[in-house]
Amino acid sequence: MASHGGRGRSGGRPTLEEVAARAGVGRGTVSRVINGSPRVSDATRAAVEAAVAELGYVPNTAARALAANRTDAIALVVPEPETRFFAEPYFSDMLRGVGAEISDTEMQLLLTFAGSDRERQRLAQYLAAHRVDGVLLVSVHADDPLPDLLSQLEIPAVISGPRSAAESLTSVDSDNYGGARSAVEHLLGRGRRRIAHITGRLDVYGAQRRLDGYREALRDAGHPADDLLVEPGDFTEEGGRRAMTALLSHRPDLDAVFAGSDVMAAGARQVLREAGRRIPDDVALVGYDDSAIARHMDPPLTSVRQPIEEMGRAMIDLLLTEIADRRPPASRGLDRRRAVLPTELVVRASS
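To start, this report covers the structure provided alongside it. Fair warning: this is a prediction, and the values are worked out from it, not measured in the lab. (Residues numbered from 1 in each chain as written. Predicted model: local features only at pLDDT ≥ 70, side-chain atom pairs only at ≥ 80, totals over all residues. Heavy atoms only, no water.)

### Remarks on the sheet that holds strand β11 (residues 338–341)
Read from one edge to the other, the open sheet built from six strands follows the order β2-β1-β3-β4-β5-β11, with strand pairing classed as parallel. The sheet is open, and its two borders are formed by β2 (108–113) and β11, each paired with just one other strand. If you compare each strand with its neighbour and ignore which way they point, the axes differ by 15° on average. In this structure, strand β3 (residues 134–138) lies alongside strand β4 (residues 157–160), joined through four bridges in parallel fashion. By the bridge assignment, Leu137 is partnered in β4 with Ile159. On top of the sheet, helix α14 (residues 308–324) reaches β1 (73–78), β3, β4, β5 (170–174) and β11; it is set at about 170° to β5, its chief contact. (Pairing = 2+ DSSP bridges. Helix = DSSP H or I, 4+ residues; strand = E, 2+ residues; numbered from the N terminus. Axes fitted to C-alpha atoms, helices over the stretch in contact; angles between N-to-C directions. Contact = heavy atoms within 4.5 Å.)

Here you go:
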């Protein structure tokens, strides 16, 4: 079979997509072969290597390595204080998934925090020196400047949870809207009618989507919106306590609470018990994340399961694809990918 002489269908340098099409596999599989992952069958590896040789494909990462510019390092950036990172199971589960996936490659993982202005400035200088090949961003708020900085520096990046519906970076998220709907529909099915919601920080898009799902599930069931049944939280246990205290003050007749995280549900549970409210007899309680907190709570907490470890794995998979085919963003047009993983309601004794 004749060689393509290093030119793809478009007449330019062969692309990752063309290698994938020739080998009959996905972009992520080609990326894993190029990055030396053992999580590929021998037959698939042979097909990809044959396509690479046939097309004369040279990955950008290989060219960068020859130029001594490759770092073989990925940064996991958490724009939160360290205290929150170590207090919330979400972050440890995400790190576990990321670590498991990256262990199959030659990449090193750097964990860095950017919760303060000083930390963000220091990180910006570090990234501007191109000391990493790619960045994973976890728990990003709407006004965070880091995603735009990464775009300006043309550093491959994947974000956990888009900042908005118009997110420009490749993103991995769970179905926050559907998860919230399932929680509220479950409570309605149990005969609850005055269902309160403790939101997460509403500058986080995922928290906004959970609020949307809560409101629309009630609306579709014929229950008018009641702003006194919605109280903002901040994903912390203390935030859950404050919000629950305010809800009991505004609507002491509430009969269910859907908290935007298990950590906030734990805080809400403390306040309910102090107020003499029995769970679930007087007030049903549902959380979000299905963390270890939910399983060990008394009574065990009904919670919406996010596939957090799987999200971490998906982030690495997408980032390796971005790194392996590192064309300038402008040449990719609007070819930004968004992966949305399904959620699942895990019913326990609290509801």
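Now that the structure has been shown, we can carry on.
### Concerning the pattern of salt bridges
Within this structure, the stated rule accounts for 30 salt bridges. The salt bridge involving Asp255 is made with Arg194; its shortest N-O contact spans 3.8 Å. Linking Asp255 in the loop between α11 (237–250) and β8 (256–259) with Arg194 in the loop between α9 (176–189) and β6 (195–199), this pair joins segments that are 61 residues apart in sequence. Residue Asp255 is classed as buried on the basis of its relative accessible area of 10%. As a salt-bridge pair, Arg273 and Asp298 come within 3.8 Å of each other at their nearest N and O atoms. Separated by 25 residues along the polypeptide, Arg273 in helix α12 (residues 262–274) and Asp298 in the loop between α13 (292–296) and β10 (302–305) bring together distant segments of the chain. (Salt bridge = Lys/Arg side-chain N within 4 Å of Asp/Glu carboxyl O. Buried < 20%, exposed > 50% of the residue type's maximum accessible area, 1.4 Å probe, protein only.)

### Overview of the pairing of β4
Residues of β4 alternate between two faces, with Ala157 and Ile159 on one and Val158 and Ser160 on the opposite face, all of them buried. At this point the chain moves from β3, through helix α8 (residues 146–153), to the parallel β4, and the crossover so formed is right-handed. Examined bridge by bridge, β4 and β5 share three bridges and lie parallel to one another. Following the sheet pairing, Ile159 is matched in β5 by Ser171. (Right-handed = clockwise from strand over helix to strand, strands pointing away.)

### Here's the deal with the packing of aromatic side chains
For the structure on display, the rule yields six aromatic pairs. Each ring, one from Phe86 and one from Phe113, has its centre 6.2 Å from the other, and the planes form 50°; the classification is tilted. Within this pair, whereas Phe86 is found in helix α5 (residues 82–87), its partner Phe113 is found in strand β2, the two being separated by 27 residues in sequence. Between Phe258 and Tyr288, the ring centres sit 6.3 Å apart and the planes meet at 45°, which makes this aromatic pair tilted. Of this pair, Phe258 sits in strand β8 while Tyr288 sits in strand β9 (residues 284–289), and the two are 30 residues apart along the sequence. Across the pair, exposure class does not vary: Phe258 and Tyr288 are buried alike. Ring-pair connections join several aromatic residues into one group, and the members of that group are Phe85, Phe86, Tyr90, Phe91 and Phe113. The ring of Tyr288 has Arg210 sitting right over it, with the charged end atom 3.8 Å from the ring centre. (Phe/Tyr/Trp six-rings, centres within 6.5 Å; stacked < 30°, edge-to-face > 60°. Lys NZ or Arg CZ within 6 Å of the ring centre and 35° of its normal.)

### Focus: the sheet that holds β9
If you trace the six strands from one edge of the open sheet to the other, you get β7-β6-β8-β9-β10-β12, paired in mixed fashion. The sheet terminates laterally at β7 (230–232) and β12 (344–346), the two strands that pair on one side only. Strand after strand, the sheet turns through a mean of 20° between neighbouring axes, direction not considered. Pairing of β6 with β7 involves three bridges; the strand directions are parallel. Pairing of Thr199 across the sheet is with Pro232, part of β7. Taken strand by strand, α11 contacts β6, β7 and β8, and its axis lies near 150° from that of β7. Lying over the sheet, α12 contacts β6, β8, β9 and β10, oriented at roughly 155° with respect to β9.

### What about the environment of Thr71?
Residue position: Thr71 is located in the loop between α4 (60–66) and β1. In contact with Thr71, other than residues within four places in its own chain, are His130, Arg131, Val132 and Asp133.

### Observations concerning the environment of Val58
Following the sequence through the fold, Val58 ends up in the loop between α3 (42–55) and α4. A relative accessible area of 44% places Val58 in the partly exposed class. Along the backbone, Val58 and Gly222 are 164 residues apart, and their C-alpha atoms lie at a distance of 59 Å.

### Focus: the nonpolar core
Among the nonpolar cores identified, the biggest contains 42 residues, and Ile198, Tyr214, Met244, Leu254 and Phe258 are the most heavily contacted of them. Put simply, the parts of the chain that give this core at least two residues each are α9, β6, α10 (205–220), α11, β8, α12 and β9. If we ignore the near neighbours within four places in the chain, the residues touching Met244 are Ile198, Leu254, Val257, Ala268, Val271 and Leu272. Listed in part, the 24 residues of the second largest apolar core include Leu76, Met311, Leu318 and Leu319. (Core = buried A, V, L, I, M, F, W, Y, C linked by side-chain atoms within 4.5 Å.)

### Examining the packing of helix α2 (residues 27–34) against α14
One can describe the packing of α2 onto α14 by two numbers: an axis separation of 9 Å at closest approach and a directional angle of 75°. Taken together, α2 and α14 sit at an angle that is classed as roughly perpendicular. In contact with Arg27, Gly28, Ser31 and Arg32 of α2, α14 contributes Asp317, Leu320, Thr321 and Ala324. Partitioned by chemical class, the residues of the contact of α2 with α14 number two nonpolar, three polar and three charged. (Parallel < 35°, antiparallel > 145°, perpendicular 65-115°, else oblique. Nonpolar A, V, L, I, M, F, W, Y, C, P; charged D, E, K, R; others polar.)

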